[in-house]
Amino acid sequence: MTPSFAADTLAGKAALVTGAAQGIGLAIARALVEAGASVLLADVDVAVEQAAASIGTRSAARIVDVRDEDALAAAADDVIARFGSLDIMVNNAALTIAKPVWDIPAAEWDDVMAVNLRGVFFGCRVAGRHMRAQSFGRIINLTSLAGQRGGAVAGAHYSASKAGIIALTKCFAQELAGDGVTVNAIAPAAIDGPMAQAMPREKVSAMAATIPVKRLGDDREVAAAAIYLASDAAGFVTGTTLDINGGLFMR
Ligand SMILES: NC(=O)c1ccc[n+]([C@@H]2O[C@H](COP(=O)([O-])OP(=O)(O)OC[C@H]3O[C@@H](n4cnc5c(N)ncnc54)[C@H](O)[C@@H]3O)[C@@H](O)[C@H]2O)c1
């Protein structure tokens, strides 16, 4: 069953979502609006304009490169100028590159780290400053099963960056716990999206058969976790990583 979101869950709240031009970032941005929040969708891809337009009310778009702390700070200021505050930060932007360890050039290692890990560090720091000052905030970082288990499929640079996000989440959670700001991570795996849709159906079925719940996940199911973590109900949850993986990894 596709999750739906009660319109008063996040009424009056304002959010910034990075990497929101497509996929999980767009699904989270859409769910945040459905739950009552106003959202600035940020991405390096100009498709983010169309993405925000597809959501309609209470959404706007901005070109932002998460490798650049000043660009993230300007985006946070933009959220406050448009919507009055910055209450929810979703650090979702990432480069996903699958490659054998032997074939990863140094420049590609640095690119993946700069977007996936440094970008989340800057995103937490920029949002954390505002949220600490207003004594409220919800920071949500997208990690991955690859960051928990290592990745035969994902590249070592991707896996290492995602493992780093789990540690960063705990660092910022500890730093901000006394200020009304929670910091949590979501670790999805096997979510149906452009990659799965481009695969032959038999290959997708074979992949689904290896997942304990026997299907791929829906990006709305990842968004549902973000809505929970952003809600007032999750005020006692911080520093954790919520697994959305159909049982692929249990701990
Ligand atoms: N899809 C999955 O099954 C899955 C599984 C595990 C984890 N994740 C994580 O969830 C998040 C979203 O995944 P997705 O599959 O929707 O990704 P995606 O590749 O479809 O989208 C990522 C977005 O980030 C943007 N982006 C890339 N570099 C950027 C930069 N420097 N600044 C700003 N934006 C930038 C891209 O333009 C793109 O719109 C990622 O953090 C990913 O690691 C996804």
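Computed from a predicted structure; not experimentally measured.

Observations concerning unusual backbone geometry
Consideration 1: A positive phi angle, near 50 degrees, is found at arginine 58, a position not held by glycine.
Consideration 2: Mapped onto the elements, arginine 58 comes out in the loop between α2 (47-55) and β3 (59-63).
Consideration 3: The residue serine 135 is not glycine, and still its phi comes out positive at about 55 degrees.
Consideration 4: For serine 135, the position within the fold is in the loop between α4 (106-134) and β5 (137-142).

Observations regarding the site of the ligand
Consideration 1: Close contacts around the ligand come from 23 residues, with Gln22, Asp43, Asn92, Tyr158 and Lys162 the closest.
Consideration 2: Interatomic distance of 2.9 Å between a side-chain N/O atom of aspartate 65 and a nitrogen atom of the ligand.
Consideration 3: Between an oxygen atom of the ligand and a side-chain N or O atom of lysine 162, the distance comes to 2.8 Å.
Consideration 4: Protein chains bury 85% of the 830 Å² of accessible surface belonging to the ligand in isolation.
Consideration 5: Elements that contribute at least two residues to the shell around the ligand include exactly α1 (23-34) and α6 (156-176).
Consideration 6: Residue composition of the shell around the ligand, grouped by class: 13 nonpolar, six polar and four charged.

Calculation criteria
Per chain, residue numbering runs from 1 following the sequence as it is written. At least 70 in pLDDT is required for a residue's local features to be given in this predicted model, at least 80 for side-chain atom pairs to be given and counted, and no such filter applies to totals for whole chains, interfaces and linings, which use all residues. Note: side-chain values were computed over all heavy atoms of the structure, leaving out hydrogens and water. Runs of E in the DSSP output that reach at least two residues are strands. Runs of H or I that reach at least four are helices, and both are numbered from the N terminus. Throughout, the term near means that a residue has one or more heavy atoms lying within 4 Å of the molecule or strand in question. Residues adjacent in sequence count toward polar contacts only when both atoms are side-chain atoms; beyond that, a polar contact is any pair of N or O atoms within 3.5 Å, and within protein one must be able to donate a hydrogen and the other to accept it. Using a 1.4 Å probe, accessible areas were evaluated by the Shrake-Rupley method; residue-level cover was limited to the displayed protein chains. Under the scheme applied, nonpolar residues are Ala, Val, Leu, Ile, Met, Phe, Trp, Tyr, Cys and Pro; charged residues are Asp, Glu, Lys and Arg; polar residues are all the others, including Gly.

By themselves, these figures tell us nothing about what the structure is for.
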